[in-house]
Every structure is written in C-alpha cells, then in structure tokens.
Amino acid sequence: MEVRSYLQQHQDRFLDELFGWLRIPSVSADPKFRDDVFEAAEYVRARLEEAGADNCRLIPTKGFPVVFAEKRLSPELPTVLVYGHYDVQPADPYDLWQSPPFEPEVRNGKIYARGACDDKGQSYMHVKAFELMMKTGQLPCNVKFMLEGEEEVGSVHLEGFLKEHKDLLKADVVLVSDTAMISLDCPSVTIGLRGLCYFEVEVTGPNRDLHSGTYGGAVANPIQVLARMITALKDERLHITIPGFYDDVIEYSSEQRAEMAQRPFDLEAYKKELGIHEVEGEAGYSTLERTTIRPTVECNGIWGGYTGAGAKTVLPSKAYAKISCRLVANQQPERIAQLFTDYFLSLAPRSVQVKVHLLSAGHGVIVPTDSLAYRAAALALEHTFGKKPIPTMEGGSIPVVASFEKILGLKTALMGFGLDTDALHSPNENFGVANYFKGIETIPFFYHYFTQLSMQQQK
Ligand code: BES
Ligand code: MN
Ligand code: MN
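Residue positions are counted from 1 within each chain, in the order its sequence is given. Naming scheme: in the order in which they are written, chains are lettered from A and ligands are numbered from 1. Residues qualify for local features only when their pLDDT is at least 70, as the model is predicted, and side-chain atom pairs are given and counted only at 80 or more; totals for whole chains, interfaces and linings, by contrast, use all residues. As a convention, hydrogens and water are excluded, and side-chain values are obtained from all of the structure's heavy atoms.

Caption draft 1: Broad picture of the site of ligand 1. The environment of ligand 1 is made up of 17 residues, and the closest members are Glu151, Asp178, Arg326, Ser397 and His425. N or O atoms within 3.5 Å of each other form a polar contact, as long as, within protein, one can give a hydrogen and the other can take it, and as long as residues adjacent in sequence are counted only when both atoms are side-chain atoms. Within the side chain of Arg326, an N or O atom sits 2.7 Å from an oxygen atom of ligand 1. Taking Ser397, its main chain carries an N or O atom lying 2.8 Å from a nitrogen atom of ligand 1. Starting from 520 Å² of accessible surface for ligand 1 in isolation, the protein chains cover 88%. Across the shell around ligand 1, the residue classes break down as 5 nonpolar, 6 polar and 6 charged. Nearness is defined per residue: one heavy atom within 4 Å of the molecule or strand is enough. For accessible areas, the Shrake-Rupley method is used with a probe of radius 1.4 Å. Any residue's cover is judged against the shown protein chains and nothing else. Residues are grouped as follows: Ala, Val, Leu, Ile, Met, Phe, Trp, Tyr, Cys and Pro are nonpolar; Asp, Glu, Lys and Arg are charged; every other residue, Gly included, is polar.

Next comes the structure, spelled out in structure tokens:
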C-alpha cells in the first residue's frame, strides 16, 4: 500500500477540514448547543459523501442522530465498521483556555480545541484515511461508518439503535480510535477499558434553609452528613467498603502483574505533569494498576448551601453530589448500581433523607490479543511505527463497545492515537499534528491486514 504521497499532497486540507468541524461547538450535555450538535453531524456526513461513501445519512434517534455511511465493494469481502463520536464535552471553565475552545489553532505542533482529540480529531482520521483509500484505489474491503452524538452523555440511545439496525450494521469487526497510545516512540493497542456507574445523590435535612446560629449544633447539616457518607465509601487503605463490590473483580497473578509492569511508565513525570507531590490510591497496587485493573469510586462534584460572595450564615436544607464508580471487566454495572444504592442509603443517619439516582451505566471491555481485531491493529501499527505495539489497559470507558459484542457479536479494535497528556475533558485539550497524520497513515493498514487475516481464516 502506498499512502504517504497522497497524505503529503493533501495534508493542509486534511487539517483545514478538521478545523472546520472543531469550530462547531457540538456539546451534547448542554441544550444550548443543540443546533450545533446537529450541524456537526451534517458536517461530517457531507465530508463522508465527498470522500466517496454511499448512503450517507443522519439516522434519527430519540436523542442526537447517528451519522451513517458505507462503501460496499463485494459481499465476499469482510466489512469494517468504524465507530466514533462527534459530540464533545463542555468546554468550561472557558477562562482557563489559552485560546478559545472552538477556535482551533496549532501551537508547538499540537492542535488546541475542545474535541481536538476526543473524538473529532480521532474520528476525522478515519474519514481522511477512507478518502485516501478511495481516491488511490486502495480500499481492500467493505466499510461502514457509524458516528454518534451522545457518547459524552453515556450513549443512552445507542443500545436501542444497535438492536433496531442489526442488519444495516452487519460487519466483521469494529474499529475505534477513541483511546490513547503510550507515545509516538512507543506504540500500543488498547486491550482493556473500564466500565462505569454514574449516580447523583441528594441529601435532605430540615425542610428549609435555617439560621445557623439559632439551629446550628442541634440539627443535622446535610453537607456535612453527605461528606461523611462519601468518605465512608473507602477505608483508610483506600479500599472500597461497599459490601460485595469486589466479588467479581479478577485478581491477576503475580506473573501477569509483572508483565503489565513492563510497560514504560514514569511516575516522576506523571506527578510533575499533574502538579502533585504524591500519588494516592488503593494500598498494594501500583499507579497503573489503580487506573486499569482496579475499580474505583470518585466524587465528581458536590454542592449545596451558600457559595456566593461574602459570608451567609446558613444551615442548608439540601446537599448534592455526583458520584461514579469505574468498574473492571467482570463487574456487572446493574449489580454494582444496586450494591452502591443499598449501601449508600444504609450510611444515612435518621436525621436526613437520601435519594440515589443512577444516571448511566456501562460495561468494561477486554479485547483478546488473539482476536483478528487486535492482531490487525498490532500489524498495522508495527508497519507504520516500525515497532511491535504493546497491549495496554486503560482507565476510561466507552460503554458502546460492550454492546457491539453483546448485540452485534463483534470484537472491537481499540486503535487510538491520542496521548494521556492530551487534556481530554480539561481546558486546553489538544492533539498532536503528528499523531493525527500518523493515524491517517496507519488506518489503511488496519483494513489491509484485517482483510488478509480474515480471508486466510476463511480458507
Ligand atoms: N474517549 C473517552 C474514553 C477514553 C478516554 C478511553 C481515555 C480511554 C482513554 C470517552 O469519550 C469518554 O470520555 N468516555 C466517558 C464515558 C462516560 C461519559 C459514559 C468516560 O470515560 O468518562
Ligand atoms: Mn471519546
Ligand atoms: Mn470523552
């Protein structure tokens, strides 16, 4: 396959087109950006059409539409289903951005914008790799695109979508670039993602905000009760205290853990990059283990009472928090949601009332290294990086990946080109220009090797 010359000839346009997409603030979480989310869907639909795809359309869901496109060459050939998302996280707080989040610019070889990496930059590599294969007559198999607009809000309508469109989505493998690699010098393929349960909790004390002098000391303060309840979710060894929580967690052997520890990781650089003096986590596990093979509970936000200017002496009526659990492969989100809810309610003293709402849930993922999905990704990276990639587990979640297996019976190749330091979901999100082009260069080889491997298997 010859891809470099086409890439070189068209690289400026490949960047400009991505910038056009990044300028559309497709924040799925905020109703204010509803029209922009639709516009971002239409933008990429039109680019897929220009690149040579057929049946390019927006398929409505109860939420934001799925962008679908395909190129069918022959029923004898395998089909790659490309998944990505065109929605992005909110850009707040805006004042911490060095350049405005929806005005992309390149500084020091990096594209700065909300969605630069997660996942517009990474999804767009697939659109351009497809164009390249089409325009140079090198597409080796069938391809379908499915780009969703609700990933950042939990992909709530996607399971229904997969069930409803099983035939349309019929394929042999799913290909996703929405994860990270170790570095451009050390390529890796993701073999594990964590699952997730996300809750909002509400604690109510007295029936109204009270004068904290008249009542303080005699009536439960819901903020303080909530803080106590959250603290009680972990013991002093930072082990989660929810009964039954670890029942389905796989314990790895010391050999497996030693092998995983081979992956390059610089703890000093990690701390420095985050501006922390020390890491903190479950006793008995390394930093990498704590974020990959171990589950966790995190408080994502907490509010209540008076937070305005100056002092207001108040004993608030209510306190709230958003709390999420990251799960590992075998843990069932439904079961964990029940265990969390029961335990959290049991922590409440009689002086308050507590409500727990489950907002979203998703299963963890393991990609077997002997699957064609993994092998094709590894061969592709080896080809363009000149080095065998390392299999890595990651801490983030992409809930739909487990549904691809459950509903469509498909394995997924998690071939991401981002870096952990790309500031996903944070101010100044960025994506290396070199990573973007390396992705476009590598993707055609995934198609090539996957086609080769699956034809060999058929024989
Ligand atoms: N692309 C990320 C997931 C990710 C990030 C995987 C880094 C591996 C490394 C995805 O867009 C994301 O943010 N997922 C959410 C899921 C949630 C909204 C249901 C997450 O992990 O918090
Ligand atoms: Mn993503
Ligand atoms: Mn994300």
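Having seen it, we continue.
Caption draft 2: How the structure looks around the coordination of the manganese ion (ligand 2). Taken together, the protein ligands of the manganese ion (ligand 2) are His85 (NE2), Asp118 (OD), Asp178 (OD) and Asp178 (OD), with distances of 2.0 to 2.4 Å. We call an atom a donor if it is N, O or S and sits within 2.8 Å of the metal, or 3.2 Å for Na, K and Ca. Water is not counted, so some sites may look partial. Taken in chain order, the donor set of the manganese ion (ligand 2) reads H-x32-D-x59-D. Between the manganese ion (ligand 2) and the manganese ion (ligand 3) the interatomic distance amounts to 3.6 Å, and Asp118 serves as a bridging ligand to the pair. Remark: Asp118 occurs in the loop between strand E5 (110–112) and helix H3 (120–135) and His85 occurs in strand E3 (residues 79–85); sequence separation between them is 33 residues. Secondary structure elements are defined from DSSP: runs of H or I of at least 4 residues count as helices, runs of E of at least 2 residues count as strands, and each element is numbered from the N terminus.

Caption draft 3: A look at the coordination of the manganese ion (ligand 3). Donor atoms from the polypeptide that coordinate the manganese ion (ligand 3) comprise Asp118 (OD), Glu152 (OE), Glu152 (OE) and His425 (NE2), at 2.1 to 2.6 Å from the metal. Between the 6 donor atoms coordinating the manganese ion (ligand 3), the angles at the centre fall across 55 to 156 degrees, so the site counts as irregular. Within one chain, the residues serving as donors to the manganese ion (ligand 3) are arranged as D-x33-E-x272-H. Taking relative accessible area as the criterion, Glu152 reaches 15% and is therefore assigned buried. Among the residues examined, His425 registers a relative accessible area of 41% and is labelled partly exposed. Here a site with four donors is tetrahedral if all angles are between 85 and 135 degrees, and a site with four or six donors is square planar or octahedral if opposite donors are over 155 degrees apart and the other angles are between 65 and 115; anything else gets the irregular label. Relative accessibility under 20% of the residue-type maximum defines a buried residue, over 50% an exposed one, and the middle range a partly exposed one, all with a 1.4 Å probe and only protein chains included.

Caption draft 4: Looking closely at the packing of aromatic side chains. Centre distance within 6.5 Å is the pairing criterion for rings of Phe, Tyr and Trp, where only the six-membered ring of Trp is used; planes under 30 degrees apart are then read as stacked, over 60 as edge-to-face, and the remainder as tilted. Taken as a whole, this structure holds 14 aromatic pairs when the rule is applied. Summarising the aromatic geometry, the rings of Tyr436 and Phe437 are spaced 5.3 Å apart at their centres and angled 50 degrees between planes, so their arrangement reads as tilted. Residues Tyr436 and Phe437 agree in their burial class; the two are buried. An aromatic cluster is built from Phe199, Phe340 and Phe344, whose rings are joined through pairwise contacts. Our definition puts a charge over a ring when NZ of Lys or CZ of Arg is within 6 Å of the ring centre and also within 35 degrees of the ring normal. In this structure, Arg107 is placed above the aromatic ring of Tyr112, and the distance from its NZ or CZ to the ring centre is 4.0 Å. Residue placement shows Lys438 over the ring face of Phe385; its charged tip is 5.2 Å from the ring centre.

Caption draft 5: Seen up close, empty space enclosed by the protein. Cavity means a closed set of points on a 1 Å grid over the protein atoms alone, one where a 1.4 Å probe fits but cannot get out, pocket means an open set with protein on both sides within 12 Å along at least 5 of 7 lines, and lining means a residue has an atom within 4 Å of a point. Grid points are joined across faces, edges and corners, and a volume is the space filled by probe spheres set on the points. The full count for this structure, using the stated rule, is 2 cavities of 30 Å³ or more. Taken as a whole, the largest cavity spans an internal volume of roughly 80 Å³. What lines the largest cavity is a set of 14 residues, among which Tyr252, Thr292, Val328, Ala329 and Met393 lie closest to the centre. Every element with two or more residues in the lining of the largest cavity is listed here: strand E8 (188–193) and strand E15 (365–366). Classifying every residue of the lining of the largest cavity gives 10 nonpolar, 2 polar and 2 charged. What counts as a domain boundary in this text is fixed by an automatic or database domain assignment. If you count residues domain by domain, the lining of the largest cavity takes at least three from each of domain 1 (3–193 + 364–458) and domain 2 (195–249 + 295–362). What the second largest cavity holds in volume is close to 40 Å³. Surrounding the second largest cavity, Thr61, Phe64, Pro65, Val66, Glu148, Gly149, Glu150, His157 and Leu158 form its lining. Its residues assigned to classes, the lining of the second largest cavity comprises 4 nonpolar, 3 polar and 2 charged.

Caption draft 6: Structural view of the sheet that holds strand E18 (residues 430–432). A strand pair is defined by DSSP finding two or more bridges across the two strands. Taking strand neighbours across the sheet as the criterion, the 3 strands line up as E4-E5-E18 in an open arrangement whose pairing is antiparallel. Looking at strand neighbours, the two that pair on one side only are strand E4 (105–107) and E18, the edges of this open sheet. Direction aside, the axes of adjacent strands within the sheet are offset by 30 degrees on average. With 3 bridges joining them, E4 and E5 adopt antiparallel strand pairing. Throughout, an axis means a line fitted to C-alpha atoms (over the contacting stretch in the case of helices), and angles, computed between N-to-C directions, take values from 0 to 180 degrees.

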